[in-house]
Amino acid sequence: MLRVLKRHRVGAVVVAAALAVMAAACSTTGGSSTSDAGGADCNGSAQAATDAKAAADRVTTYMKPPATLAALGLTQQVAGQPARGKSITYVGNEIPIVLEVFNGMKEAAAAVGWNASLLQAGNTTAGAVDAMNKIVQSTPRPDGVVLVGIRLEQVQEQVATLRAAGVPVIVWGGSVDQPSPTGYSANIVSPDFYSARVRAETDWLIADSGGCAHIGFFLARQFPVNLVMLDAMKSALATNCHECTLDVKDVQVTDIGSRMPAITVGYLQSKPDIDYLYTSLGGAMWAGVPQAMDGAGLSSKVKLTTDGADATTFQDIVDGRQALAADQTPIQLGWHLVDSFIRAYAGEEVQERLPIVLIDKSNVGDKPDPSSWGVVPGFRDQYRSLWNVTQ
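In this numbering scheme, every chain counts its residues from 1 along its sequence in written order. Reporting in this predicted model follows two pLDDT cut-offs: at least 70 for local features of residues, and 80 or more for side-chain atom pairs to be given and counted; totals over whole chains, interfaces and linings ignore these cut-offs and use all residues. Values shown for side chains rest on all heavy atoms present in the structure; no hydrogens or waters enter the calculation.

K.L.:
Could you give me a rundown of the side chain of Gln332, with the residues and numbers involved?
P.N.:
Only runs of H or I of at least four residues qualify as helices and only runs of E of at least two qualify as strands under DSSP, and these elements are numbered from the N terminus. Take Gln332: it is sitting in helix 11 (residues 330–345). Contacts are assigned to residue pairs that have any heavy atoms within 4.5 Å of one another. Excluding residues that lie within four positions of it along the chain, Gln332 makes contacts with Leu69, Leu72, Pro355, Val375, Val376, Phe379 and Tyr383.

Now the structure itself:
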């Protein structure tokens, strides 16, 4: 069984607005004050001010991405050069970040003489089973398979067949399954990683709100890891924010787009205390939502936040339509998938080495490049060096 080593270098941003809110809170002895959306006054609560300051101190840990892959703990050079000519099939869905990761994997595969192909499974169990059946029945089969957000129980038989034939199956995103001889070869974005990232995001919410955030969590239960993320936020708030509240709204991936704006406005109108919305499904969840909130007079009262930034999220943050996102460094993640296969073929340990970087108005810049923001500088050359490959 492949053993996955985990180490997460955490990077992020000190939120200037949060510090201003906390300074005001710390100087308040009573009464109330006004603030922007999400920046609650907390009624002058000393406990809230204390919680906010502690959260801001923790947020300073998340200032920027690591300088090198070595800082993430990825230092072991593979033996020899990867064999050329291998084919990797990436079983994806329609979520934009999933496609961005595929683009990174395709780029990295080309760097070692491999071919990467995309097989869409949609967002249903039937789609996942159909996609895996096509792979199992194909001639020839691919040399490796990537699954995204697919539970092992949905495709256990197909995965076991591929593993028995010597085909590694690596999962990222949405799965809580651990590696096993007949299950996934590796889970390179594990539940522990998601929990760590949510704790960083929760600190931002606590700091930005002055210690009394009222959060609406838009939850897609079809992805088990989202429940892990919910539990992580609950735990972080219970420990670190005595006056914060958390409410859960169940949504579906199929709600993204035409239905989500109306769902969001209706939810906020029924929950007037909410001043932050959070989703674990990426910035695409909020497509069209800011405009709908504008029309309902809610934009000045509520901040939109997300666990994962896609290509449009960066501009939304620049323009003030979203307040916070965690950069998923999709291109670098795609390269790390190829690194994982290289190590699997070499019989080496697959290593979970991914950064956590938060994005908000204070560090996004005026013209952010989503393909390079938050990544380890020069990560492509560093991976090539680890693989003994020249450009």
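K.L.:
Could you give an account of the environment of Val376, with specific residues and numbers?
P.N.:
With respect to the secondary-structure elements, Val376 resides in the loop between strand 12 (350–359) and helix 12 (379–387). Partly exposed residues are those whose accessible area sits between 20% and 50% of the maximum for their type, while under 20% is buried and over 50% is exposed, using a 1.4 Å probe and protein chains only. Residue class for Val376 comes out buried when judged on its relative accessible area of 0%. It is 6.1 Å that separates the C-alpha atoms of Val376 and Pro65, two residues lying 311 residues apart in sequence. Once you skip the residues sitting within four places of it in the chain, Val376 turns out to touch Pro66, Ala67, Thr68, Leu69, Leu72, Gln332 and Gln382.

K.L.:
Break down the packing of helix 4 (residues 125–137) against helix 5 (residues 156–164) for me, with residues and values.
P.N.:
Put simply, helix 4 and helix 5 touch, their axes get as near as 9 Å, and they point 25° apart. Taken together, the axes of helix 4 and helix 5 are roughly parallel relative to one another. In the packing of helix 4 onto helix 5, the handedness of the crossing is left-handed. Of helix 5, the residues touching helix 4 (which contributes Val129, Met132, Asn133, Ile135 and Val136) are Gln158, Val159, Thr161 and Leu162. As a rule, the C-alpha atoms of each element are fitted with a line to give its axis, helices using only the stretch in contact, and angles between N-to-C directions run from 0 to 180 degrees. Every angle not falling under 35 degrees, over 145, or within 65 to 115 is termed oblique; those three ranges are roughly parallel, roughly antiparallel and roughly perpendicular. Working rule for handedness: look at the near helix, and if it is turned counterclockwise from the far one by less than a right angle, call the crossing left-handed; if clockwise, right-handed.

K.L.:
Describe the pairing of strand 5 (residues 169–172), listing the residues and the values that go with them.
P.N.:
The side-chain alternation of strand 5 yields two buried faces, one formed by Val169 and Val171 and the other by Ile170 and Trp172. Paired strands are those between which DSSP finds at least two bridges. Pairing of strand 4 (residues 144–148) with strand 5, which is carried by four bridges, proceeds in the parallel orientation. What sits directly across from Val145, in strand 5, is Val169. As judged from the three bridges shared by strand 5 and strand 6 (residues 186–189), these two strands associate in the parallel manner. Bridge pairing in strand 6 links Trp172 to Val189.

K.L.:
Which residues make up helix 3 (residues 96–111), and what are the values?
P.N.:
Each full turn of the α-helix corresponds to 3.6 residues, which orients residues three or four apart in the same direction. Expected helix span is computed as 1.5 Å times (number of residues minus one). Over its 16 residues, helix 3 extends 23 Å from the first C-alpha to the last, a length consistent with the 22 Å expected when each residue adds 1.5 Å. Where helix 3 ends, the next residue or the one after it, Gly113, has phi of about 75°, a positive value.

K.L.:
Report on the packing of helix 2 (residues 46–59) against helix 6 (residues 191–209), specifying residues and quantitative values.
P.N.:
In contact at an axis separation of 8 Å, helix 2 and helix 6 are set at 135° when each is read in the N-to-C sense. As judged from the angle between their axes, helix 2 and helix 6 are oblique. Crossing geometry of helix 2 relative to helix 6 is assigned as left-handed. Residues Asp51, Ala52, Ala55, Ala56, Arg58 and Val59 of helix 2 lie in contact with helix 6, whose contacting residues are Asp203, Trp204, Ile206 and Ala207. Here the residues of the contact of helix 2 with helix 6 are counted per class, giving seven nonpolar, no polar and three charged. Three residue categories are used. Nonpolar comprises Ala, Val, Leu, Ile, Met, Phe, Trp, Tyr, Cys and Pro, charged comprises Asp, Glu, Lys and Arg, and polar comprises the others, including Gly.

Remember, this is a structural readout, not a statement about activity or role.
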